[in-house]
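Chain by chain, the residues:
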Amino acid sequence: MTDPSSLPPAADWGQDILERLERLARHSEGGPGVTRRLATPEHRAVHGLLADWMAEAGMTVRQDAAANTCGRYEASEPGAPALMMGSHQDTVRQGGRYDGILGVVVPLACIKVLHDAGERLPFALEVVAFSDEEGLRFGTGLFGSAAVVGRPRIEDLERRDDAGVSLAQALRDFGLDPEALPSAARRPEELHGFVEVHIEQGPVLEAEGLPVGIVTDITHGANMTVTLTGVAGHAGTVPMTRRQDALAGAAEGIQAVEARCRASDRLVGTVGQIAVEPGASNVIPGACRFSVDLRSPDPALLKDAAADLEARLAEIAEARALGLDVERRYKLPGCPCSPWLMDQMEAAVVAEGIAPRRLFSGAGHDAMALREITDIAMLFVRCAGGISHNPAEAITAGDAGTAARVLLRFLRAFDPAGRAAAG
Ligand code: HGY
Ligand code: MN
Ligand code: MN
């Protein structure tokens, strides 16, 4: 059963994986790249494809109350605890075709090989395509995985999308019952661990000539919305000294984000959204709202940076006679991956003849949520130029196939007793 010759060759297998990813990428709202949001027709189409592929791989399939697509490949002894794998089906606006969904398609490819060979493992294998990790439609990051770990985002159900549709209504329109959200929760004793395959979204593996790497830790993050309020006025008549221009204040605030984050090589900060009211070329901006995304491997540094930034924004607002509101939207506590799972993943990487490289994740992942109920590991896959959250995101067929070979080796050799041994 563990004959390594039964591993498909990386290039052919990877080609099949890329073709499946290509088919999934067609389900996009349009524009460059892929835009796929929670509980939309595109999400429904992808759920359908994944459900078909899960069934082909011998899995039972269901959609849980959080719109996650869940498949299970039964253990040699039915009902045994599972090793869960997966990642997210949704994307950012105009994102790539690999962020998230690669971590669904690669495990399915492995399970299909097991199924075709009539091979069962002493533990079940589950794959979850989480419905919403990026939070594009309702601003709710990790919505799908939060429900799975028993923290359903009930408080977010009344959030509205750009068209004014509430999250609760969107779930109803998708054929689900928002009241049933808590039923998506899984119990720790049902799982041996969670493994997420993901593109690296950074340059390290490419620079070192490595196809895959093992993640050690996931970054801490904080996200806020800043609103500056001034006085709208006539662009031609109000003297420059008498203006309360909210956008000019925001411009200074955005520079303050950049300056604070440049002061440390362990801190990054991004302003990716901005809205100006009333938004006309001949009107002095009366209000301006912008997002701030801060990340650091060091939670204390992140906290200090957020506090410094709020203080600086208050100074800017005061000097310009603007109103200031800072909404701390969410904090994502980072986390380490589990050493016993990393060690087993490393053994699979080495067995594939690849130098084991351990690296940090500056991006957030569903694994951060799963960490609340089980141990986690992540396998990163090299991506071209480290580019992600961009239509140009790219991986090679060879690397996709190599990731699948590493994962299948890992699954065949997986020893849940490693957890108890690790204490
Ligand atoms: O924003 C992130 O880190 C991820 O892509 N969700
Ligand atoms: Mn992403
Ligand atoms: Mn992702």
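For clarity, every value in this text was computed on a predicted model and none was experimentally measured.

A.B. asks: Tell me about the packing of aromatic side chains, and please be specific about residues and values.
C.D. replies: Between two aromatic rings, the relevant description is the distance of the centres plus the angle of the planes. The tally for this structure, following the rule as stated, stands at four aromatic pairs. Arranged with centres 5.0 Å apart and planes meeting at 80°, the rings of Phe-123 and Phe-414 form a pair that is edge-to-face. Of the two residues, Phe-123 is situated in the loop between α3 (102–116) and β4 (124–130) and Phe-414 in the loop between α11 (397–413) and α12 (417–422); the sequence distance between them amounts to 291 residues. Judged by centre distance (5.6 Å) and plane angle (40°), the ring pair of Phe-410 and Phe-414 falls under tilted. Neither Phe-410 nor Phe-414 differs from the other in exposure class; each is buried. Positioned above the aromatic ring of Trp-53, the side-chain terminus of Arg-20 is 4.9 Å from the ring centre. The ring of Tyr-73 is capped by Arg-120, whose NZ or CZ atom sits 4.3 Å from the centre of that ring.

A.B. asks: With reference to specific residues and values, describe the domain arrangement of the chain.
C.D. replies: By domain assignment, the chain separates into domain 1 (4–219 + 334–421) and domain 2 (220–332). Placing a centre on the C-alpha atoms of domain 1 and another on those of domain 2 gives a separation of 34 Å. Taken together, the contact between domain 1 and domain 2 spans eleven residues of the former and seven residues of the latter. Each partner contributes to the roughly 640 Å² buried at the junction of domain 1 and domain 2, and carbon and sulfur atoms together form 50% of this total. For the pair domain 1 and domain 2, the interface holds zero salt bridges. In terms of residue class, the side of domain 1 that touches domain 2 is built from five nonpolar, five polar and one charged.

A.B. asks: So what about the environment of Ala-319? Which residues, and what values?
C.D. replies: Structurally, Ala-319 can be placed in helix α8 (residues 299–319). Classification of Ala-319 by relative accessible area gives exposed; the value is 71%. C-alpha of Ala-319 to C-alpha of Glu-258: the two residues are 61 residues apart in sequence and 20 Å apart in space.

A.B. asks: An account of the coordination of the manganese ion (ligand 2) is requested, with residue identities and associated values reported.
C.D. replies: At the metal site, the manganese ion (ligand 2) is ligated by Asp-99 (OD), Glu-134 (OE) and His-389 (NE2), and these contacts range over 2.0 to 2.2 Å. Considered as a linear motif, the donors of the manganese ion (ligand 2) on their single chain read D-x34-E-x254-H.

A.B. asks: I'd love a proper account of the nonpolar core, names of residues and values included.
C.D. replies: With 87 residues, the main nonpolar core has Leu-102, Leu-125, Leu-407 and Phe-410 as its most contacted residues. Broken down by element, this core gets its largest block of residues, ten residues, from α3. Setting aside chain neighbours within four positions, we find Leu-102 in contact with Ile-17, Leu-21, Pro-107, Val-197, His-198, Ile-199, Val-381 and Ile-395. Membership of the second largest hydrophobic core comes to 23 residues, among which are Ala-256, Val-257, Phe-290 and Ile-316.

A.B. asks: Can you break down the coordination of the manganese ion (ligand 3) residue by residue, with the values?
C.D. replies: Under ideal tetrahedral coordination, the four donors around a metal are separated by 109.5 degrees; under ideal octahedral coordination, the six donors are separated by 90 or 180 degrees. In this structure, His-88 (NE2), Asp-99 (OD) and His-198 (NE2) serve as the protein donors to the manganese ion (ligand 3), at separations of 2.0 to 2.2 Å. Every donor residue of the manganese ion (ligand 3) comes from the same chain, spaced as H-x10-D-x98-H. Between the manganese ion (ligand 3) and the manganese ion (ligand 2), a separation of 3.5 Å is found, and both are coordinated by Asp-99. Placement of His-88 in strand β3 (residues 82–88) and of Asp-99 in the loop between β3 and α3 is noted, with a sequence separation of eleven residues between them. By the burial criterion, His-88 is buried, and Asp-99 matches it.

A.B. asks: So what's going on with unusual backbone geometry? Residues and values would help.
C.D. replies: For the peptide bond that leads from Glu-277 to Pro-278, omega is -5°, which places it in the cis range. Within the element layout of this structure, Pro-278 appears in the loop between β10 (274–277) and β11 (283–284). Even without a glycine there, the phi angle at His-389 is positive, about 55°. Of note, His-389 is situated in the loop between β16 (376–381) and α11.

A.B. asks: Hey, could you go over the site of ligand 1 for me, with residue numbers and the actual values?
C.D. replies: Around ligand 1, the neighbouring residues are Glu-133, Glu-134, Arg-295, Ala-363, Gly-364 and His-389. At 2.7 Å from an oxygen atom of ligand 1 is found a side-chain nitrogen or oxygen belonging to Arg-295. Summarising the interface, the protein chains cover 84% of the accessible area of ligand 1, which totals 210 Å² for the free molecule.

Parameters and conventions
- Residues numbered from 1 in each chain as written.
- Chains lettered and ligands numbered in written order.
- Predicted model: local features only at pLDDT ≥ 70, side-chain atom pairs only at ≥ 80, totals over all residues.
- Heavy atoms only, no water.
- Phe/Tyr/Trp six-rings, centres within 6.5 Å; stacked < 30°, edge-to-face > 60°.
- Helix = DSSP H or I, 4+ residues; strand = E, 2+ residues; numbered from the N terminus.
- Buried < 20%, exposed > 50% of the residue type's maximum accessible area, 1.4 Å probe, protein only.
- Lys NZ or Arg CZ within 6 Å of the ring centre and 35° of its normal.
- Domains from an automatic or database assignment.
- Contact = heavy atoms within 4.5 Å.
- Buried area = accessible area lost by both parts, 1.4 Å probe.
- Salt bridge = Lys/Arg side-chain N within 4 Å of Asp/Glu carboxyl O.
- Nonpolar A, V, L, I, M, F, W, Y, C, P; charged D, E, K, R; others polar.
- Donors = N, O, S within 2.8 Å, 3.2 Å for Na, K, Ca; no water.
- Core = buried A, V, L, I, M, F, W, Y, C linked by side-chain atoms within 4.5 Å.
- Near = heavy atom within 4 Å.
- Polar contact = N/O pair within 3.5 Å; in protein donor to acceptor, adjacent residues only side chain to side chain.
- Areas by Shrake-Rupley, 256 points an atom, 1.4 Å probe, with all protein chains shown as cover.

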